[in-house]
Amino acid sequence: MQKVIGFIGLGNVGYPLAKNILSSGYDLHVTDLESKKAKELISSGAMWCNNAKQVTESSDIIITSLPNVKAVAEVAESEYGILQVQSEDKIWVDMSTSDSNEIIRLSKLANKQGFRMLEAPVTGGVPLAHQGEITILVGGDKSTYQETSPILKSMGKKIIHVGAIGTASVMKVITNLLAFNHLWALGEAMTLGNKSGIDNKILLDSILSSSGSSFVTETEGPKILDGTYDYGFTMALALKDLDLGSKLGQRLNVPLEMTENVREKFLEAINTYGSEEWSTKVVKLLEDQTGTRLQS
Ligand code: NAD
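Conventions adopted
Residues numbered from 1 in each chain as written. Predicted model: local features only at pLDDT ≥ 70, side-chain atom pairs only at ≥ 80, totals over all residues. Heavy atoms only, no water. Axes fitted to C-alpha atoms, helices over the stretch in contact; angles between N-to-C directions. Helix = DSSP H or I, 4+ residues; strand = E, 2+ residues; numbered from the N terminus. Parallel < 35°, antiparallel > 145°, perpendicular 65-115°, else oblique. Left-handed = near helix turned anticlockwise from the far one by under 90°. Contact = heavy atoms within 4.5 Å. Nonpolar A, V, L, I, M, F, W, Y, C, P; charged D, E, K, R; others polar. Near = heavy atom within 4 Å. Polar contact = N/O pair within 3.5 Å; in protein donor to acceptor, adjacent residues only side chain to side chain. Areas by Shrake-Rupley, 256 points an atom, 1.4 Å probe, with all protein chains shown as cover.

Trainee: I tried to follow the packing of helix α8 (residues 167-195) against helix α9 (residues 200-208) on my own but got confused; where do I start?
Mentor: Helix-helix packing: each pair is described by the crossing angle between the helix axes and the interaxial distance. As a packed pair, α8 and α9 sit with axes 10 Å apart at the nearest point and diverge in direction by 135 degrees. As far as their axial angle goes, α9 and α8 are oblique. Viewed along their axes, α8 and α9 form a crossing whose handedness is right-handed. Taken together, the residues of α9 that come into contact with α8 (itself represented by L186, A189, M190, G193 and N194) are N200, L203, L204 and I207. Residues that form the contact of α8 with α9 fall into these classes: six nonpolar, three polar and no charged.

See below:
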């Protein structure tokens, strides 16, 4: 019999992930703090549940896509949480970007309640999530990964089993540290070019066709140029990832000087523009500081 999939957290990236599961023909049971986020999914056949516990009771595989460690712990452990259910071999897949130690802690609690747990953070951004082409990094038992593979494939293109539970969260944080360093470097490069009198469009086009290009230049460069800064990822989430990375560096005694500088820039951007602004807008700090405009 077809498995019922539960999905908790229908935000910027969770919504398209859930939508792709539904479009692949699975029964989908959903919840979010804001019921309006489920409206279109429900009109396409998904079932609304009032809380995470209801989702868990009625589903075989439960997926979470939540903003931070605190929200995941709440959805797991609160009175109406996932772990209030005594599972007969249900699988919980946390797709949030999280802290590896916290994932390990929750997986132990989940195992006690009869769940198997995977972490499956995603990378690539909201547009790729809509296209079903996001990359999914999986941590946890290999056979559980193989069992959930058809569902993961309904959401993502490249799926990598990184290793034991906790390893995918580390991998995800590492990839985001690189992305934010690239973003700040792109901002510096564009500001320098602009100040030299080069047209912004030609500037970006040249970088995109050069050895200095990157995934961030391809995806976020156009969002700087069009002035929306909208790649679907908030400053709050960016700072969360940078904090996780910073903690990891301290734990493992690895100096992360460049990343710490960029983290400071995000703190400044949050103070200046607000935590719910798009993360790409961090480069506006350079625009404001130098009196340049990088739009075209
Ligand atoms: P978001 O803030 O847009 O969405 C989070 C959703 O969770 C919201 O709809 C919110 O209402 C819901 N929520 C929060 N607490 C809840 C609770 N207690 N019960 C039920 N629902 C609750 O975040 P997002 O951008 O969708 O990101 C989700 C996760 O994916 C985050 O961990 C983020 O770091 C990660 N991620 C996001 C992107 C991206 O481009 N947006 C890319 C990669 C990874």
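There is more to say, and it comes next.
Trainee: I keep staring at the site of the ligand and nothing clicks. Help me out?
Mentor: In the vicinity of the ligand, 25 residues are found, and the nearest of them are V13, D32, K37, L66 and K240. One of the backbone nitrogen or oxygen atoms of T97 is found 3.0 Å away from an oxygen atom of the ligand. One nitrogen or oxygen atom from the side chain of K240 is found 2.9 Å from an oxygen atom belonging to the ligand. A total of 840 Å² of accessible area belongs to the ligand in isolation, and the protein chains cover 89% of it. Of all the secondary-structure elements, those providing two or more residues to the shell around the ligand are α4 (69-77) and α11 (235-252). In terms of residues, the shell around the ligand owes the most to one element, α4, which gives three residues.

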